[in-house]
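The lines below spell out each chain.
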Amino acid sequence: MDDEGRIWQQVIGGALGLAVLGLAGGYLGWLHPFGDSLAVGRGIAAAAVLVLAVFATFAGLRMAAFVSMLLAMLCGGQVLLAYTWPGLPGRYSLYQKNVLYRNADLAALEADIRAADPMIVTLQEVRPENQPFLDGLKDAYPTQILCTGGVVGGPAILTRLTPVEGTAFCGPGLAAMQVVAGPDDNQDRFWLVSVHLHWPWPYRQSEHVELLLPILDKLQGPAILAGDFNMVRWANSVKRLSDILGVRPAGPTAGSYIGLSGLFPLPIDHVFASRGGRVSLRPAAGSDHLGLLAEVEV
């Protein structure tokens, strides 16, 4: 091999090594929250490793290319399944939405909620000034809880299901209540949780999760967890929250945050339930997040 060939081999090998490092680092959120930030780009990293592995094959790095291809297919396949595998629909319908604290089209959002006609609505970034919007939905959702949340507002839950008296409470970026549903002789009793996590590292998402874990750990029985997690569902921070509640994701995952780019929306809004469910997208309605309409089972 001539000098120019060796240089190309070193360049491609170095690029492949960096791509593999970035892909593998996305699994280390348990070690440091930077791993969760890397997990957001897991699909892109897997594609980059796969492309660079092809170049590495032609550059003579066949063993490195083979191992890298296997890693890329394994990790990329996980992301592909999350985007394509639908869950089984359940009996309980839920509308999930980050309202956007400066939403100027709440009338459109109210209309879309009414059109979807869910049993449960979970919201985030709801400000006290939005109380007329909530009041306008009280005929359809008489049970409501709104928790304060600083400048951008807090989480809220609206439902037509029967609340269990004395169970509603607020936490840091969290609203929760227990409800009952079904015939009197066979009622389901389960928790509803609306959550809005902080942004990931270098921001305070990992610290926020640590605050929420002992709170969620006290909720006994089936649950539905929905919200703006500001993180992909396969990241360590989200998995810790869903695991402690014993809930599964409603699938498939979908790009819901369009604030950065409508062409490449980020899948950071999720719905989980004790037995999973199926989810579809709803319009933005004045927000930088698309809505989610889920049919879940507890």
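Notes on the structure in this doc start here.

Cut-offs applied
Residues numbered from 1 in each chain as written. Predicted model: local features only at pLDDT ≥ 70, side-chain atom pairs only at ≥ 80, totals over all residues. Heavy atoms only, no water. Helix = DSSP H or I, 4+ residues; strand = E, 2+ residues; numbered from the N terminus. Buried < 20%, exposed > 50% of the residue type's maximum accessible area, 1.4 Å probe, protein only. Contact = heavy atoms within 4.5 Å. Areas by Shrake-Rupley, 256 points an atom, 1.4 Å probe, with all protein chains shown as cover. Lys, Arg positive; Asp, Glu negative; His and termini not counted. Charge placed at Lys NZ, Arg CZ, Asp CG, Glu CD. Patch = residues over 30% accessible without salt bridge, like charges linked within 9 Å, V, L, I, M, F, W, Y side chains within 5 Å. Salt bridge = Lys/Arg side-chain N within 4 Å of Asp/Glu carboxyl O. Disulfide = S-S within 2.5 Å.

### Some points on the overall build of the chain
Looking only at helices and strands, the chain features eight helices and 13 strands. Within the span of the chain, comprising 298 residues, buried residues form 48% of the whole. Of all intrachain contacts in the chain linking residues separated by at least 6 positions in sequence, the fraction that spans at least 24 positions is 63%. Accessible surface, the chain: about 14300 Å² in total, of which carbon and sulfur atoms supply 63%. When the 20 basic and 25 acidic side-chain charges of the chain are each reduced to a single mean position, those positions are 4 Å apart.

### Things to note about a nonpolar patch on the surface
A contiguous nonpolar patch, built from Leu50, Met63, Phe66, Val67, Leu70 and Met73 and spanning about 620 Å² of accessible area, is present on the exposed surface. Top element by residues in the nonpolar patch is helix H4 (residues 62-84). It accounts for five residues. Relative to the helices and strands, Met63 is located in helix H4.

### A short note on the state of the cysteines
In a disulfide, the sulfur atoms of two cysteines are held together by a covalent bond. In total, this model carries one disulfide according to the counting rule given. Bridging Cys147 to Cys170, the disulfide has an S-S length of 2.0 Å. One quick way to see it: the torsion about the S-S bond of Cys147 and Cys170 is about -85°, and its sign makes the bridge left-handed. Residue Cys147 is found in the loop between strand E3 (143-146) and strand E4 (154-159), and its partner Cys170 is found in strand E6 (residues 169-171); the two are separated by 23 residues along the sequence. Judged by relative accessible area, Cys170 falls into the partly exposed class, the value being 46%.

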